[in-house]
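Observations on the three-dimensional arrangement
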Amino acid sequence: MSTNQHSSSASSQGHSALPGLFSLRARAWAAWKRHRNERVLENLSYDTLKDIGFPSVDDAVHKTEQ
């Protein structure tokens, strides 16, 4: 009977760590995707960035002068 109690407590401890592992995996996946997207954006030309809505450096300069 003590072996059943021990195995059930060990399995409950193992299952309690699973949500933490899943959230860690999800955060790591999101960080990797974010890094990959930033790398893609860095490699785009200035004209392409401007076309998709990124502000130009000149716009920021004019806003601070006004």
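Note that the structure is a prediction, hence the values are computed from the model and not measured. (Residues numbered from 1 in each chain as written. Predicted model: local features only at pLDDT ≥ 70, side-chain atom pairs only at ≥ 80, totals over all residues. Heavy atoms only, no water.)

Considering the overall build of the protein chain
Convention followed: Each helix corresponds to a stretch of at least 4 residues labelled H or I by DSSP, and each strand to a stretch of at least 2 residues labelled E; elements are numbered beginning at the N terminus. The cut-offs for exposure are 20% and 50% of the maximum accessible area for each residue type, with area from a 1.4 Å probe on protein chains only; residues under the lower value are buried, those over the upper are exposed, and the others partly exposed. For accessible areas, the Shrake-Rupley method is used with a probe of radius 1.4 Å. Any residue's cover is judged against the shown protein chains and nothing else.
Counting secondary structure elements, the protein chain contains three helices and zero strands. When the helices and strands of the protein chain are placed in sequence order, the string is α-α-α. The proportion of buried residues among the 66 residues of the protein chain is 3%. As displayed, the protein chain has an accessible area near 6100 Å², and 58% of this comes from carbon and sulfur atoms.

What about the packing of aromatic side chains?
Put simply, the rule reads: What counts as a ring pair is set by centres within 6.5 Å for rings of Phe, Tyr and Trp (its six-membered ring), and what kind of pair is set by the plane angle: stacked under 30 degrees, edge-to-face over 60, tilted for all other angles.
Across all of its chains, the model carries one aromatic pair by this definition. Residues Trp29 and Trp32 carry aromatic rings whose centres are separated by 5.3 Å and whose planes lie at 35° to one another, so their mutual orientation is tilted. Placement of the pair is Trp29 and Trp32 together in helix α1 (residues 2-42), with a separation of three residues, close to one helical turn. Accessibility expressed as a relative area gives 52% for Trp29, which makes it exposed. On the basis of relative accessibility, which here comes to 43%, the residue Trp32 falls in the partly exposed class.

Brief notes about a nonpolar patch on the surface
Where we set the bar: The patches reported here contain residues having more than 30% relative accessible area and no salt bridge. Joining distances are 9 Å for like charges and 5 Å for nonpolar side chains (Val, Leu, Ile, Met, Phe, Trp, Tyr). The working definition used for a salt bridge is a side-chain nitrogen of Lys or Arg within 4 Å of a carboxyl oxygen of Asp or Glu.
A grouping of Leu18, Leu21, Phe22 and Leu24 is seen on the molecular surface, where their side chains present a nonpolar patch of about 390 Å² in accessible area. Assessed through its relative accessible area of 45%, Leu24 is described here as partly exposed.

Topic: the confidence of the model for the protein chain
Stated formally: Known as pLDDT, the predictor's confidence for each residue is given on a scale from 0 to 100.
In this model, the protein chain carries an average pLDDT of 75, and 59% of its residues clear a pLDDT of 70 or more. The secondary-structure element of the protein chain with the lowest mean pLDDT is helix α3 (residues 57-65), recorded at 61, while helix α2 (residues 46-51) shows the highest, at 87.

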